[in-house]
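If you want the building blocks of each chain, they are given just below.
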Amino acid sequence: APAETLTLFGADDIRLRRYEETSARLLIFAVDASGSAALSRMAEAKGAVELMLAQASSRRDEVALLTFRGTTADLCLPPTRSLVRAKRLLAGLPGGGGTPLASALVAVLSLADQSRTRGAEPALALLTDGRANIALDGSGGRAQAAEDVDKMARVLRAQGLSGCVIDIAARPGPASAQLATHLGAQYLPLPRGDAHRITGSLQRGLGA
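Report follows, based on the coordinates. (Residues numbered from 1 in each chain as written. Predicted model: local features only at pLDDT ≥ 70, side-chain atom pairs only at ≥ 80, totals over all residues. Heavy atoms only, no water.)

### Structural notes on the sheet that holds strand β3 (residues 72-80)
Point 1. Read from one edge to the other, the open sheet built from six strands follows the order β3-β2-β1-β4-β5-β6, with strand pairing classed as mixed. Looking at strand neighbours, the two that pair on one side only are β3 and β6 (186-189), the edges of this open sheet. Ignoring which end each strand starts from, the neighbouring axes of this sheet average 15 degrees apart.
Point 2. Pairing analysis gives four bridges linking strand β5 (residues 162-167) to β6, with the strands arranged parallel. What sits directly across from V165, in β6, is Y187.
Point 3. In the packing of helix α3 (residues 101-117) onto the sheet, the strands contacted are β1 (25-32), β2 (62-69), β3 and β4 (121-128), and the crossing angle to β4 comes to about 160 degrees. (Pairing = 2+ DSSP bridges. Helix = DSSP H or I, 4+ residues; strand = E, 2+ residues; numbered from the N terminus. Axes fitted to C-alpha atoms, helices over the stretch in contact; angles between N-to-C directions. Contact = heavy atoms within 4.5 Å.)

What follows is the structure, given as structure tokens:
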């Protein structure tokens, strides 16, 4: 009978390859573009979006921008990793009008759900003074608007959405702080925040 052959493996014959798992994330900027301070807020938000995109090159992060004014919320920048595309789409966004904050939260919920189906974890950066005056049905009135905001904030919290509420009011008040509590989000009063300060606050608050 033929002799059995014994094959020996040494330590140098074994190779281990480690894979670093990085979970994709979608950072949703929702920016209050209503009122007289809209232009300065939009400039700050655009700058922050561009900075976050530029600094996310080593990750698989995407950034999206929602603005809300008048009676609706608009997706001005769909989820993207392209800094060039972001700059092009963010140019010349309008501002002014009422504050449909509840509608913005509905839009955030939709974007968050879509991102999870694509395997990306959503996070929210909400820039507002928290003073809603347009209800979900488009009617005016602070009481109904506040009730709708509270309802949608609790829905988002139940979804486990991480985030920060950046209070951009000239004099930060209780409205945004209460909104952050209902969202389960961090509260960052930043009445004089520029793009760099907003970005730095988000990085600390979200671990970006």
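### Re the layout of surface pockets
Regions of empty space are outlined by a rolling probe, equal in size to a water molecule, passed over the atoms.
Point 1. There is about 170 Å³ of room inside the second largest pocket.
Point 2. Lining the second largest pocket, in full, are G130, R131, A132, A146, V149, D150, A175, Q178, L179 and H182.
Point 3. For the lining of the second largest pocket, the secondary structure elements donating two or more residues are α4 (142-158) and α5 (174-183).
Point 4. Broken down by element, the residue count for the lining of the second largest pocket peaks at four residues, all from α5.
Point 5. Looking at side-chain class alone, the lining of the second largest pocket contains five nonpolar, three polar and two charged residues. (1 Å grid on protein atoms, 1.4 Å probe; cavity = no way out; pocket = protein on both sides within 12 Å on 5 of 7 lines; lining within 4 Å. Points joined across faces, edges and corners; volume = space filled by probe spheres on them. Nonpolar A, V, L, I, M, F, W, Y, C, P; charged D, E, K, R; others polar.)

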